[in-house]
Amino acid sequence: MPAFLIVHSKLTDSDAFEHYIKAAGPSLERYQGTYLLGGSLSEVLEGSHDKDRTVIF
């Protein structure tokens, strides 16, 4: 069954994030997962939040 994981996050430690990217790759491959969208550009249309990145797997 297909599923989507949507992550809204705030990047505070670039070095730790690089480590996460390297560690996440094998997990995605194991379960045939893919990155669908990732980036730091977003627009809040309703409400508010302090996150600066959105990634969809």
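One can find the structure itself at the top, above this paragraph.
Figured I'd write up the structure that's included with this text. What you see is a predicted model; the values in this text were computed from it and never measured.

Considering all chains together, one arrives at one salt bridge under this definition. With a shortest N-O distance of 3.1 Å, Lys 51 and Asp 50 are connected by a salt bridge. On the basis of relative accessible area, Asp 50 is assigned to the partly exposed category, the value being 47%.

Two orientations exist for strands paired in a sheet by backbone hydrogen bonds: parallel and antiparallel. The strand order across the open sheet built from three strands is 1-3-2, with neighbouring strands paired in antiparallel fashion. Edge positions in the sheet fall to strand 1 (6–9) and strand 2 (37–39), since each of these pairs with one other strand and no more. Recorded for the sheet is a direction-independent mean angle of 15° between the axes of neighbouring strands. Note: strand 1 against strand 3 (residues 53–56), four bridges, orientation antiparallel. In the strand pairing of strand 3, His 8 is matched with Thr 54.

Turning our eyes to something else, we now look at the pairing of strand 3. Where strand 2 meets strand 3, three bridges bridge the pair, whose relative direction is antiparallel. Counted as the bridge partner of Leu 37 is Ile 56 from strand 3.

This next bit is on a nonpolar patch on the surface. The grouping of Phe 4, Ile 6, Leu 36 and Leu 37 at the surface amounts to a nonpolar patch, some 450 Å² of accessible area in total. Inspection of the secondary structure assignment puts Leu 36 in the loop between helix 1 (14–30) and strand 2.

Once that is clear, we can look at unusual backbone geometry. Although it is not a glycine, Gln 32 sits at a positive phi angle of roughly 55°. Here Gln 32 is to be found in the loop between helix 1 and strand 2.

One can find Thr 54 in strand 3. The buried category is assigned to Thr 54, whose relative accessible area is 16%. Not counting residues within four places of it along the chain, the set of residues in contact with Thr 54 comprises Ile 6, Val 7, His 8, Leu 37, Gly 38, Gly 39 and Ser 42.

What counts and what doesn't
Residues numbered from 1 in each chain as written. Predicted model: local features only at pLDDT ≥ 70, side-chain atom pairs only at ≥ 80, totals over all residues. Heavy atoms only, no water. Salt bridge = Lys/Arg side-chain N within 4 Å of Asp/Glu carboxyl O. Buried < 20%, exposed > 50% of the residue type's maximum accessible area, 1.4 Å probe, protein only. Pairing = 2+ DSSP bridges. Helix = DSSP H or I, 4+ residues; strand = E, 2+ residues; numbered from the N terminus. Axes fitted to C-alpha atoms, helices over the stretch in contact; angles between N-to-C directions. Patch = residues over 30% accessible without salt bridge, like charges linked within 9 Å, V, L, I, M, F, W, Y side chains within 5 Å. Areas by Shrake-Rupley, 256 points an atom, 1.4 Å probe, with all protein chains shown as cover. Contact = heavy atoms within 4.5 Å.

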